[in-house]
Amino acid sequence: MSETSIEQSAVDLIKISTDQDFKILTEASTLYLTDRYNSDRLTDLNKTIESVKDSKIITKFLIKQINELIQSDQPKVVKHFQSNFGLDESKCSIIKSILEKYAEELRKIKFSQTLMISQLVDMEWKFGVTASTNYIDKLGQAFLQIKLVYNTGGKIESRFMELTLSQFYSFLLEMNKAKSQMEYLS
């Protein structure tokens, strides 16, 4: 089943659900986003939503939609549900009231997603020249492969990039600017 048809079936289920069931599922979805690391809370949420028919399809849909829209403000979220999915006024008012209820927690999520800064731990690089390719204009071009190793708060992660020389020089210029600003501030 494609993602679009799953979304459509979730929307159809939402439209025929009672307002009370929809409120339970919307609140459970929002609580999952705001408190997803509390296993006791997740167990309670699962027990709560099991009482609602077709709850898993609707809840997955709501979690996905609310999570994608966390970065936007609340009126846009309600308009999104109204215009994109054709939800009636009562369902949209339920979404609005629940998002108002958990606005502070959702703002914290938005803030934590925006200010995720990692410490660069190590950087490795390799210089190369393209020796064979299907594209004649790419033959003989120099490139740089970079491995960035950084700490994301207790977890070490690696990212790989491949840059042309002009992209590398732009990257180097930006890194030198950042270095000089950090030296100036310290």
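One can find the structure itself at the top, above this paragraph.
Figured I'd write up the structure that's included with this text. (Residues numbered from 1 in each chain as written. Predicted model: local features only at pLDDT ≥ 70, side-chain atom pairs only at ≥ 80, totals over all residues. Heavy atoms only, no water.)

**Regarding the overall build of the protein chain**
No. 1: Helices and strands together make up the secondary structure of the protein chain, namely eight helices and three strands.
No. 2: The helix and strand sequence of the protein chain, counted from the amino end, reads α-α-α-α-α-α-α-β-β-β-α.
No. 3: A burial count over the protein chain gives 28% of its 186 residues as buried.
No. 4: Carbon and sulfur atoms form 55% of the exposed surface of the protein chain, whose accessible area is close to 13,000 Å². (Helix = DSSP H or I, 4+ residues; strand = E, 2+ residues; numbered from the N terminus. Buried < 20%, exposed > 50% of the residue type's maximum accessible area, 1.4 Å probe, protein only. Areas by Shrake-Rupley, 256 points an atom, 1.4 Å probe, with all protein chains shown as cover.)

**Thoughts on the packing of helix α2 (residues 19-34) against helix α6 (residues 89-101)**
No. 1: Where α2 contacts α6, the axes come no closer than 10 Å and their chain directions differ by 35°. Here the hand of the crossing between α2 and α6 comes out right-handed. Of the residues in α6, those touching α2 at D19, F22, K23, T26, E27 and T30 are S90, K91, I94, I95, I98, L99 and K101.
No. 2: In terms of residue class, the contact of α2 with α6 is built from five nonpolar, three polar and five charged. (Axes fitted to C-alpha atoms, helices over the stretch in contact; angles between N-to-C directions. Left-handed = near helix turned anticlockwise from the far one by under 90°. Contact = heavy atoms within 4.5 Å. Nonpolar A, V, L, I, M, F, W, Y, C, P; charged D, E, K, R; others polar.)

**Here's the deal with helix α4 (residues 55-69)**
No. 1: With 15 residues, α4 should reach 21 Å at 1.5 Å per residue; the first-to-last C-alpha distance of 21 Å fits that figure.
No. 2: Considered for burial, the residues of α4 that qualify are S55, I58, T59, F61, L62, I63, Q65, I66 and L69. (Expected span 1.5 Å × (residues − 1).)

**Focus on the packing of aromatic side chains**
No. 1: In this structure the tally under the stated criterion is two aromatic pairs.
No. 2: A ring pair is formed by F61 and F85, whose centres lie 5.0 Å apart and whose planes are at 80°; its orientation type is edge-to-face. Of this pair, F61 sits in helix α4 while F85 sits in helix α5 (residues 74-85); the two residues are 24 residues apart in sequence, bridging distant segments of the chain. Neither residue differs from the other here; F61 and F85 are each classed as buried.
No. 3: When the centroid spacing of 5.7 Å and the interplanar angle of 55° are considered together, the rings of F168 and Y169 count as tilted.
No. 4: In this structure Y169 comes out as exposed when scored by relative accessible area, which is 53%. (Phe/Tyr/Trp six-rings, centres within 6.5 Å; stacked < 30°, edge-to-face > 60°.)

**Points about the sheet that holds strand β2 (residues 142-151)**
No. 1: Pairing is antiparallel across the open sheet formed by three strands, whose spatial order is β1-β2-β3. At either end of the open sheet lies a strand with only one pairing partner, and these are β1 (119-129) and β3 (156-164). Across the sheet, the axes of successive neighbouring strands diverge by a mean angle of 15°, strand direction being ignored.
No. 2: Here β1 runs beside β2; their pairing, made up of 10 bridges, is antiparallel. Looking at β2, one finds that D122 is bridged to V149.
No. 3: Lying on the sheet, helix α8 (residues 165-185) is in contact with β1, β2 and β3; it crosses β3 at an angle near 130°. (Pairing = 2+ DSSP bridges.)

**Section: the side chain of T26**
No. 1: Secondary-structure assignment places T26 in helix α2.
No. 2: Overall, T26 belongs to the buried group, its relative accessible area being 1%.
No. 3: Once residues lying within four places of it in the same chain are set aside, the contact partners of T26 are L62, I94, I95 and I98.

**Some points on the nonpolar core**
No. 1: The biggest cluster of nonpolar side chains holds 30 residues, and the ones touching the most others in it are I14, F22, F61, L62, F81 and L87.
No. 2: Going through the elements one at a time, α1 (3-16), α2, α3 (39-49), α4, α5, α6 and α7 (103-114) are the ones with two or more residues in this core.
No. 3: If you tally residues by element for this core, the top one is α4, at six residues.
No. 4: Judged by nonpolar contacts, the second largest core, of five residues, contains I146, L148, L163 and F168. (Core = buried A, V, L, I, M, F, W, Y, C linked by side-chain atoms within 4.5 Å.)

**Side note on the pairing of β2**
No. 1: β2 sits mainly inside the fold: seven of its 10 residues count as buried.
No. 2: Note: β2 against β3, nine bridges, orientation antiparallel. Residue pairing across strands places L148 opposite R159, the latter belonging to β3.
No. 3: Counting the residues that bridge the hairpin from β2 to β3 gives four residues, and of these G153 lies at a positive phi of roughly 90°.

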